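# Inside the fold
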Number of protein chains: 6
Amino acid sequence: MRLLVVNPNTNRDMTAQIGRIARECAGYGTEVVALSPEAGPLSIECHADEAVAAAHTLELLAQPDYRGFDAYVIACFGDPALFAAREMLTGPVIGIAEAAFHVATMIATRFSIVTSLQRTSIMSEELLVRYGFALRCRRVRAVDLPVAEIAGDHAASGQAIAAECRRARDEDQIGAIVLGCAGMAHLADEITTSLGLPVIDGVAAGVRLAEALVGGGWKTSKFGDFAAPPTRQGTGP
Amino acid sequence: MRLLVVNPNTNRDMTAQIGRIARECAGYGTEVVALSPEAGPLSIECHADEAVAAAHTLELLAQPDYRGFDAYVIACFGDPALFAAREMLTGPVIGIAEAAFHVATMIATRFSIVTSLQRTSIMSEELLVRYGFALRCRRVRAVDLPVAEIAGDHAASGQAIAAECRRARDEDQIGAIVLGCAGMAHLADEITTSLGLPVIDGVAAGVRLAEALVGGGWKTSKFGDFAAPPTRQGTGP
Amino acid sequence: MRLLVVNPNTNRDMTAQIGRIARECAGYGTEVVALSPEAGPLSIECHADEAVAAAHTLELLAQPDYRGFDAYVIACFGDPALFAAREMLTGPVIGIAEAAFHVATMIATRFSIVTSLQRTSIMSEELLVRYGFALRCRRVRAVDLPVAEIAGDHAASGQAIAAECRRARDEDQIGAIVLGCAGMAHLADEITTSLGLPVIDGVAAGVRLAEALVGGGWKTSKFGDFAAPPTRQGTGP
Amino acid sequence: MRLLVVNPNTNRDMTAQIGRIARECAGYGTEVVALSPEAGPLSIECHADEAVAAAHTLELLAQPDYRGFDAYVIACFGDPALFAAREMLTGPVIGIAEAAFHVATMIATRFSIVTSLQRTSIMSEELLVRYGFALRCRRVRAVDLPVAEIAGDHAASGQAIAAECRRARDEDQIGAIVLGCAGMAHLADEITTSLGLPVIDGVAAGVRLAEALVGGGWKTSKFGDFAAPPTRQGTGP
Amino acid sequence: MRLLVVNPNTNRDMTAQIGRIARECAGYGTEVVALSPEAGPLSIECHADEAVAAAHTLELLAQPDYRGFDAYVIACFGDPALFAAREMLTGPVIGIAEAAFHVATMIATRFSIVTSLQRTSIMSEELLVRYGFALRCRRVRAVDLPVAEIAGDHAASGQAIAAECRRARDEDQIGAIVLGCAGMAHLADEITTSLGLPVIDGVAAGVRLAEALVGGGWKTSKFGDFAAPPTRQGTGP
Amino acid sequence: MRLLVVNPNTNRDMTAQIGRIARECAGYGTEVVALSPEAGPLSIECHADEAVAAAHTLELLAQPDYRGFDAYVIACFGDPALFAAREMLTGPVIGIAEAAFHVATMIATRFSIVTSLQRTSIMSEELLVRYGFALRCRRVRAVDLPVAEIAGDHAASGQAIAAECRRARDEDQIGAIVLGCAGMAHLADEITTSLGLPVIDGVAAGVRLAEALVGGGWKTSKFGDFAAPPTRQGTGP
């Protein structure tokens, strides 16, 4: 199957990193293409970034070249443009926040999130309520480091994230941790090993769930609010 | 005070209509400017329309000319770009869905929504949950007419909306009705009179609540997640 | 417009103070009358105080002299008699707790409450659930000072309140603070300035929202449970 | 044990009827005194009735003669003054709505309420949310008959109530029905028999639960918000 | 009346202790039989223990000798097999967790739970959500001692439980404490006295509520999902 | 990978059917073993069936032969013994109700459930609340046919299920349907095709999600309440 992983920000190093991780964790026979929009924010660190990145992500997905993939992963923890992308496409579309929540709740009764910035943790809270996972998440914790620094894999940021995960494990009465930023994906295995509880990266979760949906033959519903957008004169994107 | 009312779609007749209504219902001393983005969907009738319109709305609000208004109303019932606009601006920003819910709950214990399309009623449901008004709204009803037809003020669409409001009054055990589309604003007074219960148009609600916030000196909080977006190289909009 | 602000307790100094603040924050053309019931508790510091004050407030509002106001504000943070007053009157009736919550959620995603007594904070919690704002309030904090001391504007109580607001700002991940007692109204501006985030006083919020409702022509619904009470022999108040 | 059953309205026939039922369903050794306040509404059919009756109920309970009962039942389905009465008294105080909900959820997974007036069913809904039983109640149904007519035990009103209970049984996927008015108490046994599912009267439920609390030695907590009201000059009731 | 108290674990000392307490707190005329299954876990300290104990409890209750009791109490804080037992029996069946929650909410607005093991506190949380008491419980606290040690009434475990109750009283803003293990029942009175707020043991609560239901004539509904299990070939238990 | 699919009831024809479907929908390289317990109910049609089947399912899973599978699916729509099985095993364990909810919410915003018996639909409701999917499920519908008849693949039962699914599609404002019984699994594809919206069978969903978890390296958390049961003398299963 062909899987398109979209990094909604325009940091191409991060896109490459996400693509690498997606390929590493994909199953046999999954071909991963990782892309990011031409324009938009370099990182998604506030409500406005998310709104702008959402539109650019949709623009990318609307291109004929990309419509024929078997499945799609939106690799930003705010799941920008998720419902809109589902409308435009027939293959399943998975957001990495959503994906991580699904995986976490299948292996633990309660989890915490460790994310990048304090100011964006409200977005995680809103997603938890929207999707129905609010009761299952104990706490959203932030290391308060910018996305670029995290994704750049600096030793200091990795240590800060690991330390916050340790605090989550010791204080939150949880069974699993969700990493709340696509730029943290490369840290999941190492922290899992060192802390002794599952630390879930949404990129890996999104890839594996996308494969599960394609394997099971489940496509995005085209009945109801995910039906293709109505055709009107002058309508974008 | 100077109030900027943004119609997030690009239907200029509708923008003019919204501006007219905003001016009619504004208080003494409020100067209303009604605008719509240069580009984007002609009407907002699905998730994708909303995401695209949100970005264009932000682009408009980011222009230096528009940053100095005392307050802002986003005149589309999905409240697109609301949180992002709050980040970018210091004057209060009100969405018309939110505004209508606030007004409805100050004059009735329960309300219903009468909106345009069945497929977009899910957006109203999500807003109700997000804002906290889910328990106070009995039902989201749709007349299943396109926005253009509603805003065009055709007799038939007006009658369909009035009839649905009547059913809401008679079946839903409510005290008020919220009109779920900026294009319905011109109908509120007439249906209020004919049905004998308050029928609330979000444009009027947004204008009056914006005046209240400006009058009371309350601006958008710049502490926490509505602080100005972080400055980074290459970031839009 | 003529606005009746009712202080449900019988502390006339506090009534005068509330009237003064209401007048200061009212818009041009709003005439404020501030009253309190003849009888009832001197301050509202427990469930029983609230129940007794509610009945006296209704008795006051039932007098023919007071029925003709354009709008009403009930200036006690428990919103006593709010729904009952709406039944009896046609002009809009606003409670100051409710008003502060509405304003807070239009300028911030999350807020905390700083109230007087620990024992009455449960009433704030119940209101948050009842109105639908529970998810948007992080925490109810109490300085545990009696209402009389707070309203008396002693330096010590003002400092205690400001200190608790500072803790709320620093610990609660909020964007705004709601002052949970009509007797704190005079402190809002000063604490807003010193802390750098909006500190909302319900009296001002109630006055401005009442003006908004009157301006917009929205009256209390007389359809459903806010219809005028049924006429029966021997029925009070 | 000595049990004081307060009918918060001033309909003395109804007080006598409630007393009779309370005595019939009380256990061996329980002495029932049934009282109603001197003043207040003849029936409780709206928010204002409830607020006024609450204050009169408190006034009655504050009299030295009545403070020494072992337990108290407030026999109106809105549970007026419940929390305030708990503050003022040390013996347990039970509301009949609350009592019926407790009993219903111990013998069925889901129940419906059949109450008197449509306009007061909102009060039942608010109680369900406040107490935590909202998910366990399927529907609040009203026969839309005044309380006086119901309590008067007219054949027609009894039939209307039985018919509504039958519809609840057949349509609501429930295991039990709660009668939503003290004036319906005399009908519970007969409808239980004819419909074949438990129909719960709150007066009986309140009496039996009061006995259980007294028997078990559980008194109203005097720690926290039910501690005795603070003593202040000039404070009622 | 004849009351069967089932201890779902197979620790016979604990069964005897539970029986002793049930008898002490039962009303006049209540004959208590305390039993435990022949097989199953010695204590219930995890999800698997609970599932296994549930089946053994049902097996015991299915025996003809035990079907004719007037009421039943399931004396384990996870309320194992509660809904299933209700299906099989006509007399009311009460779980001790449920019972304690009912009692706590009739005498306090908020309570905390002090339970045995950290790992089982998730079960209490799930029950609180399932029954509807989640908003009324502030916190689930665990002393992290095995059930056997608690029930054995060692001085050290009693002190640990009392100390945790004290912390709950001082930190949780509650009016009552629920003891979250049948093995703690003997401590309730002593801690109530020393801390000055009601500390509720579910065994006593279950016994008294069972008496209330029998006294009021309320049996488990046989309409809906508690109707007797369908008869099929080869079906257990 | 080796996947153990447990049918918790003892109907061996149904076990064979479930195994066949699991094999058909499994991915390349997945070896499916389908088993059912030696004893227990022939079908799971009430609370008691579920409790008994849960214990037998655990007994099966506790056998050394079955502990070494890579993953487990519990193929009954009540997800019996799910949390207990997770405690006992290290490989991921998926319930088919849970699995179907996860899949449904990744391809639609709202779904309905079509299940077998009216009396067991309460179990689906409780699972929806417990897992957090309550807001996303519109309605639980029952065809009121026994499981045996459904699994037997009689034409009449297939038609009844298809007809109920059609009603769900036309009345419930949904985008997907979840089949609420393992015995309906063989109908999913056909009804999907005839109705034009995704109809999700939990067996297929469970198999594909189990593969995703194994592929991604996520095992059941052994930190917290899913840690291996404590070792005690005399403890089952």
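This text goes with the structure placed above it.
Computed from a predicted model, the values in this text were never measured in an experiment.

## Observations regarding unusual backbone geometry
All names here are of chain A. The backbone of Asp-144 sits at a positive phi, close to 60°, despite the residue not being glycine. Mapped onto the secondary structure, Asp-144 falls in the loop between strand E6 (137-142) and helix H6 (147-151). According to the relative accessible area criterion, Asp-144 is partly exposed, its value standing at 46%.

## Topic: the relation of the copies chain E and chain F
Laying chain E over chain F is done by rotating through 180° and shifting 0.0 Å along the axis; what remains is an RMSD of 0.0 Å. Classification of the inter-copy transformation places it as that of a two-fold axis. For chain E, the minimum C-alpha distance to the rotation axis belongs to E:Ala55 and amounts to 3.1 Å. Interface residue correspondence from chain E to chain F reaches 100%, placing this contact among same-surface, isologous pairings.

## Points about the pairing of strand E3 (residues 71-74) of chain C
Residue and element names in this part refer to chain C. Burial of the side chains of E3 extends over both faces: Ala-71 and Val-73 are buried on one face and Tyr-72 and Ile-74 on the other. As paired elements, strand E1 (residues 2-6) and E3 share 4 bridges and run parallel to each other. Each bridged residue has a counterpart across the sheet, and for Leu-4 the counterpart in E3 is Tyr-72. As defined by bridge partners, E3 adjoins strand E4 (residues 93-95) across 3 bridges and the pair is classed as parallel. Bridge pairing links Val-73 to Ile-94 in E4. Note on the crossover from E3 through helix H3 (residues 82-88) to E4: the handedness is right-handed.

## A word on the interface of chain E and chain F
Opposite the 36 residues of chain E that make contact, chain F presents 36 residues. Salt-bridge contacts for F:Arg119 lead to E:Glu87; the nearest nitrogen and oxygen are separated by 3.4 Å. Our count for the chain E to chain F interface comes out at 16 residue pairs in polar contact (both at pLDDT 80 or more). Of all the elements, helix H2 (residues 47-62) of chain E adds the most residues to the side of chain E that touches chain F, at 7 residues. The class makeup of the residues in the side of chain E that touches chain F is 20 nonpolar, 8 polar and 8 charged.

The rules we used
Residues numbered from 1 in each chain as written. Chains lettered and ligands numbered in written order. Predicted model: local features only at pLDDT ≥ 70, side-chain atom pairs only at ≥ 80, totals over all residues. Heavy atoms only, no water. Helix = DSSP H or I, 4+ residues; strand = E, 2+ residues; numbered from the N terminus. Buried < 20%, exposed > 50% of the residue type's maximum accessible area, 1.4 Å probe, protein only. Least-squares fit on C-alpha atoms with pLDDT ≥ 70 in both. Contact = heavy atoms within 4.5 Å. Pairing = 2+ DSSP bridges. Right-handed = clockwise from strand over helix to strand, strands pointing away. Salt bridge = Lys/Arg side-chain N within 4 Å of Asp/Glu carboxyl O. Polar contact = N/O pair within 3.5 Å; in protein donor to acceptor, adjacent residues only side chain to side chain. Nonpolar A, V, L, I, M, F, W, Y, C, P; charged D, E, K, R; others polar.

Purely geometric stuff here, so don't read any function into it on its own.
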